[in-house]
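# Observations on the three-dimensional arrangement
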Amino acid sequence: MKKTMIAGMAVLIGLMISGSVYAMGTGGWHDMGFTAVANLNIDSVKKFLKDTTDARNELILKRIELMKAYGAQEVNYDKIASIQKEIIDLKTKILDAAKKYGLDKEVGPWFGMKHGMMGKGMRPGMMGKGMRGMGQGGMMDCPCNTPQ
């Protein structure tokens with residue numbers, strides 16, 4: 001009886017794991033799979049990175065500034081809105097450079113832009129100190145995550 005139960009549990013766990021792996025799709029890299037990375041032109045990526053260094057650094061700093069603005073004692077919503085607009089402008093500038101080098105489909109998910117949309121839901125600190133606490137949204141889409 002015990003051996004049958006253990007064997008049944010092993011089969012069940014195996015099915016659950018294989019189902020999860022199957023559901024992940026093509027490699028789990030933002031639904032693009034290995035071929036999206038393998039087909040990148042390295043020279044284009046180098047030029048893109050060189051051209052956008054300042055904008056990407058500024059984006060990281062603006063995200064930190066946004067998190068601090070949300071965490072302030074007295075939240076200034078005008079300041080938060082202006083920082084968010086600056087972040088959107090920086091993302092647009094970076095994506096325009098990516099389009100110039102033919103990398104917009106590969107670079108877009110890094111900045112939370114998929115299918116022409118800005119972001120994928122809640123961003124860092126958007127829920128304030130409510131249900132999930134400050135900054136729980138995370139910046140999973142950026143290849144250069146900033147500390148929380």
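The structure reproduced in this document is the subject of the present report.

So, how was this worked out
- Residues numbered from 1 in each chain as written.
- Predicted model: local features only at pLDDT ≥ 70, side-chain atom pairs only at ≥ 80, totals over all residues.
- Heavy atoms only, no water.
- Axes fitted to C-alpha atoms, helices over the stretch in contact; angles between N-to-C directions.
- Helix = DSSP H or I, 4+ residues; strand = E, 2+ residues; numbered from the N terminus.
- Parallel < 35°, antiparallel > 145°, perpendicular 65-115°, else oblique.
- Left-handed = near helix turned anticlockwise from the far one by under 90°.
- Contact = heavy atoms within 4.5 Å.
- Nonpolar A, V, L, I, M, F, W, Y, C, P; charged D, E, K, R; others polar.
- Core = buried A, V, L, I, M, F, W, Y, C linked by side-chain atoms within 4.5 Å.
- Buried < 20%, exposed > 50% of the residue type's maximum accessible area, 1.4 Å probe, protein only.
- Expected span 1.5 Å × (residues − 1).
- Polar contact = N/O pair within 3.5 Å; in protein donor to acceptor, adjacent residues only side chain to side chain.

### So, the packing of helix α4 (residues 53-71) against helix α5 (residues 77-100)
Put simply, α4 and α5 touch, their axes get as near as 9 Å, and they point 160 degrees apart. By the criterion of interaxial angle, the relationship of α4 to α5 is roughly antiparallel. Of the two possible hands of crossing, α4 and α5 adopt the one that is left-handed. On α5, the residues touching A55, R56, E58, L59, K62, R63, E65, L66, A69 and Y70 of α4 are K79, I80, I83, Q84, E86, I87, L90, K91, K93 and I94. Classifying every residue of the contact of α4 with α5 by side-chain character gives 10 nonpolar, 1 polar and 9 charged.

### Digging into the environment of V75
Tracing the backbone shows V75 in the loop between α4 and α5. Leave out the neighbours within four places in its chain, and V75 touches A69, Y70 and I80.

### Some details on the nonpolar core
Counting residues in each nonpolar core, the largest one holds 17 residues, and the members touching the most others are F48, L66, I94, A98, L103 and V107. Excluding anything up to four places from it in sequence, L103 contacts L40, S44, V45, F48 and A98.

### Points about the side chain of S44
Assignment of secondary structure puts S44 in helix α3 (residues 42-51). Aside from chain neighbours lying at most four places away, what touches S44 is Y101 and L103.

### Digging into α5
Across its 24 residues, α5 extends 34 Å between first and last C-alpha, which sits within 8% of the 34 Å expected from 1.5 Å per residue. When we look at burial in α5, the residues that qualify are I80, I83, I87, L90, K91, I94, L95, A97 and A98. Regarding α5, its N-cap is N76, as a side-chain oxygen of that residue lies 3.1 Å from the backbone nitrogen of D78 further along. In the stretch just after α5, G102 is the one whose phi turns positive, near 75 degrees.

### With respect to α4
With 19 residues, α4 extends 28 Å between its outermost C-alpha atoms, agreeing within 8% with the 27 Å of an ideal straight helix rising 1.5 Å per residue. Within the sequence span of α4, burial applies to A55, R56, L59, I60, K62, R63, L66, M67, A69 and Y70. Summarising the contacts, the buried residues of α4 are in contact with α3 and α5.

Structural measurements only, silent on function.
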